[in-house]
Amino acid sequence: MKILLSEGQYNLLTEKLRDMVSIPIYHHTTEERALGIMNGNMLVGSKQYEEVMNLDRTLKQSKHKTMVSFTRDKNFIPDGSIGNSGDGPRIKPDMLSVIFVADRSRLKSRYRVVPFDYGTIANKAWMDPVPRTRKNPEVEERVLTDRIYPLRQYLTNIIYTGQDPEVQKKIDEYLSGIK
């Protein structure tokens, strides 16, 4: 028997399935920021540029008007936009050697987690000759909050691609507290 679903039914079914299984999402950051995140046991939400906020109704209408950004793509290669919140310094992609792996379902139990695709606002927000969606096809998950705390309870792993043994030691110590 073949069941045909409308697009709305398919999206609802997909969302319900996501709620039932553990789905990892990934937050890329620098070693320095990762150490601060682990020391505070929290990820702090960032504000977006006013131009982006005006185009992103969901974020603009959220309680804190801040968010923590994750990607769903384990193999995602960061470009210049990742790790570059509107309130922080510009980071080179090769500096993003720490990836916090969170459980989307656990996050959803406490926070509002919404999918976001820059393609929906790219051509309105950036005046690049090549649309941003062709430069970076990432689709992200946004946790609409001012902070995720205590972070440890939402993490499943931390991936480190750097070479500093002290940073690796700190990550191992932090991960030892994850149940």
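Described below are features of the structure shown in this document. Here the residue index of a chain counts from 1 through its sequence in written order. For this predicted model, a pLDDT threshold of at least 70 governs which residues receive local features, and a threshold of 80 or more governs which side-chain atom pairs are given and counted, while totals over whole chains, interfaces and linings are taken from all residues. Computation of side-chain values covers all heavy atoms of the structure but excludes hydrogens and water.

### Focus on the overall build of the protein chain
Here's step 1: If you tally the helices and strands in the protein chain, you get 8 helices and 8 strands.
Here's step 2: Here the protein chain holds 179 residues, and the buried ones make up 40% of them.
Here's step 3: To be clear on the numbers: accessible area is Shrake-Rupley with a 1.4 Å probe, and residue cover counts the displayed protein chains and nothing else. Just so you have it, the protein chain exposes about 10,900 Å², and 53% of that area is on carbon and sulfur atoms. Secondary structure is summarised from DSSP: a helix means a run of H or I of at least four residues, a strand means a run of E of at least two, and numbering begins at the N terminus for each. Accessibility here uses a 1.4 Å probe with only protein chains present; expressed as a share of the type maximum, an area under 20% marks a residue as buried, one over 50% as exposed, and anything in between as partly exposed.

### Let's talk about the packing of helix α2 (residues 31-40) against helix α8 (residues 165-175)
Here's step 1: Two numbers describe how α2 lies on α8: the axes approach to 11 Å, and their chain directions differ by 30°. Comparing their axes, α8 and α2 come out roughly parallel. In the packing of α2 onto α8, the handedness of the crossing is left-handed. Of α8, the residues touching α2 (which contributes Glu 31, Leu 35 and Met 38) are Val 167, Lys 170, Ile 171 and Tyr 174. Axes here refer to lines fitted to C-alpha atoms; in helices the fit is confined to the stretch in contact. Angles between the N-to-C directions go from 0 to 180 degrees. Should an angle lie under 35 degrees it is considered roughly parallel, over 145 roughly antiparallel, and from 65 to 115 roughly perpendicular; all remaining angles are considered oblique. Here a crossing is called left-handed whenever its near helix is offset anticlockwise from the far helix by less than a right angle, and right-handed whenever the offset is clockwise. Should any heavy atoms of two residues lie within 4.5 Å, those residues are counted as being in contact.

### A short note on the nonpolar core
Here's step 1: Definition used in this section: a nonpolar core is a set of buried Ala, Val, Leu, Ile, Met, Phe, Trp, Tyr and Cys residues joined via side-chain atoms within 4.5 Å. By size, the foremost hydrophobic cluster in this structure holds 24 residues, and its most contacted members are Phe 70, Phe 100, Leu 107 and Ile 148.
Here's step 2: Every element with two or more residues in this core is listed here: α2, β3 (68-71), β4 (98-103), β8 (155-160) and α8.
Here's step 3: In this structure, Leu 59, Met 67, Val 114 and Leu 144 belong to the second largest nonpolar core, which totals 5 residues.

### Let's talk about α2
Here's step 1: Regarding α2, the residues found buried are Ala 34, Ile 37 and Met 38. Buried positions in α2, seen along its axis, are confined to an arc of 95° and lie on one side of it. Residues of α2 that are exposed and angled more than 90 degrees away from the buried face: Glu 32 and Asn 39.
Here's step 2: On its buried side, α2 packs onto β1 (24-29), β2 (43-44), β4, β8 and α8.
Here's step 3: Looking at the residues trailing α2, positive phi occurs at Asn 41, about 55°. Picture the helix axis, draw a direction to every C-beta atom, and the arc is the one those directions span.

### Looking at the pattern of salt bridges
Here's step 1: By salt bridge we mean one thing: a side-chain nitrogen of Lys or Arg within 4 Å of a carboxyl oxygen of Asp or Glu. One pass over the full model with this rule turns up 4 salt bridges.
Here's step 2: Between Arg 142 and Glu 140 there is a salt bridge, with the nearest N and O atoms lying 3.2 Å from each other. Of the two residues, Arg 142 and Glu 140, neither departs from the other in class, the shared state being buried.
Here's step 3: One salt-bridge network, in which partners are shared between bridges, spans Arg 72, Arg 104 and Glu 141.

### Regarding the pairing of strand β6 (residues 139-144)
Here's step 1: Counting buried residues in β6 gives 5 out of 6 residues, a clear majority hidden from the surface.
Here's step 2: Strands qualify as paired when DSSP identifies two bridges or more between them. Bridge count between strand β5 (residues 112-117) and β6: 6 bridges; the pairing is antiparallel. Paired with Asp 117 across the two strands is Val 139, which belongs to β6.

### Description of the packing of aromatic side chains
Here's step 1: The aromatic pairing rule takes the rings of Phe, Tyr and Trp, using the six-membered ring of Trp, and pairs them if the centres are within 6.5 Å, calling planes under 30 degrees apart stacked, those over 60 edge-to-face and the rest tilted. In total, this model carries 1 aromatic pair according to the counting rule given.
Here's step 2: Where Tyr 111 meets Tyr 154, the ring centres are 5.7 Å apart and the plane angle is 65°; that geometry is what we call edge-to-face. One end of the pair, Tyr 111, is in the loop between α5 (104-108) and β5; the other, Tyr 154, is in the loop between β7 (147-148) and β8, with 43 residues separating them in the sequence. Accessibility assignment for this pair places Tyr 111 and Tyr 154 in one class, buried.
Here's step 3: Criterion for a charge above a ring: Lys NZ or Arg CZ within 6 Å of the ring centre, and within 35 degrees of the ring normal. Taking NZ or CZ as reference, Arg 142 lies 3.6 Å from the ring centre of Phe 116, over its face.
Here's step 4: Between Arg 152 and the ring centre of Tyr 174, over which it is positioned, the NZ or CZ distance is 4.1 Å.

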